[in-house]
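Architecture at a glance
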Amino acid sequence: MKKLHSSVETLVTYRRELATNIRTFATSSAVLASAEEHSGLSRALSQLADAYEKLEGVYGQQAETDFYVLAELIRDYLALLDAIKECFHQRVKTYQTWQYAQGMLTKKREAKVKLELAMKTDKLPQADEEIKEWEQKVQKGEEDFKAISKMVRKEVKRYERYRVQDFKDAMIKYLEVMLQGQQEVLRVWENYLPEAKSIA
């Protein structure tokens, strides 16, 4: 997804450069038209300059659409994926905390058994306190793990549900705008064609 985003940003840059270069060409054609002595060729060059000015607008609009529709959508998905990844990371940390508490509880219970076998009854109340404390930590760790797991499942389902429809809608909008742009390019050249033919 990051490579796709990078490619779209490159596409935006190329389209913006194309629009700038077309503007430069339109300006040069207009200057050339004003310097041309042959009236038919001068008129054709002037019309060519006008055609390229219109094309500059089309390609500039396409660059903006590439950026605001496609690149932004992909960037939003990347941010959402990073958030989901962070949720999974937090889930792993919560699980590790829970497992650590279970390990400590087991150690405290083993220590209590050793105290009982060694007949050290004076240390048993402290051992019981520690066991209760670690039992509470185990219970809290398990509750936290279940809660974060539930939240992660909910967010992933929501992401999956909306991602498909959002992406589909955005792609349809993007393709419609691109099609309109290409139709405009075709219209510009069709309007220029009679002028170009009149030179011969």
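Check the entry above for the structure.
Let me begin by describing the structure that accompanies this report. Because the structure is predicted, anything quoted here is derived from the model rather than measured. (Residues numbered from 1 in each chain as written. Predicted model: local features only at pLDDT ≥ 70, side-chain atom pairs only at ≥ 80, totals over all residues. Heavy atoms only, no water.)

**Focus on the side chain of Arg15**
The topology assignment puts Arg15 in helix α1 (residues 2–35). Ignoring any residue separated from it by four or fewer positions in sequence, one finds Arg15 in contact with Tyr59, Gln62, Ala63, Asp66, Tyr174 and Met178. (Helix = DSSP H or I, 4+ residues; strand = E, 2+ residues; numbered from the N terminus. Contact = heavy atoms within 4.5 Å.)

**With respect to the nonpolar core**
Membership of the largest hydrophobic core comes to 15 residues, with the highest contact counts inside it found for Ile22, Leu48, Tyr52, Leu55, Tyr59, Val185 and Tyr192. For this core, the elements supplying multiple residues, two or more each, are α1, α2 (39–117) and α3 (124–199). Considering each element in turn, this core owes the most residues, eight residues, to α2. Those residues in contact with Tyr59, other than ones at most four positions away along the chain, are Arg15, Leu18, Ala19, Ile22 and Val185. (Core = buried A, V, L, I, M, F, W, Y, C linked by side-chain atoms within 4.5 Å. Buried < 20%, exposed > 50% of the residue type's maximum accessible area, 1.4 Å probe, protein only.)

**Quick notes on the environment of Ser29**
Position of Ser29 relative to the elements: it lies in helix α1. On a C-alpha basis, the gap between Ser29 and Asp50 in space is 8.9 Å, while along the polypeptide they are 21 residues apart. The contacts of Ser29, once residues within four sequence positions are left out, are Leu45, Leu48 and Ala49.

**A few points about the packing of aromatic side chains**
The full count for this structure, using the stated rule, is 10 aromatic pairs. On the numbers, 5.9 Å between centres and 80° between planes, the contact of Tyr95 with Trp98 is edge-to-face. Placement of both Tyr95 and Trp98 in helix α2 is noted, with a separation of three residues, approximately one turn of the helix. For Tyr95, a relative accessible area of 37% puts it in the partly exposed group. Clustering of aromatic rings is evident, with ring pairs tying together Phe25, Tyr52, Trp189 and Tyr192. (Phe/Tyr/Trp six-rings, centres within 6.5 Å; stacked < 30°, edge-to-face > 60°.)

**Concerning the packing of α2 against α3**
For the pair α2 and α3, the least separation of the axes is 8 Å and the interaxial angle reads 170°. In terms of orientation, α2 lies roughly antiparallel with respect to α3. A class-by-class count of the residues in the contact of α2 with α3 yields 47 nonpolar, 11 polar and 19 charged. (Axes fitted to C-alpha atoms, helices over the stretch in contact; angles between N-to-C directions. Parallel < 35°, antiparallel > 145°, perpendicular 65-115°, else oblique. Nonpolar A, V, L, I, M, F, W, Y, C, P; charged D, E, K, R; others polar.)

**Some points on the environment of Gly181**
Secondary-structure assignment places Gly181 in helix α3. Given a relative accessible area of 9%, Gly181 falls into the buried group. Expressed as a C-alpha distance, the spacing of Gly181 and Leu55, which sit 126 residues apart in the sequence, is 9.1 Å. What Gly181 contacts, discounting residues up to four positions off in sequence, is Val58 and Gln62.

Worth remembering: the numbers are spatial, not functional.
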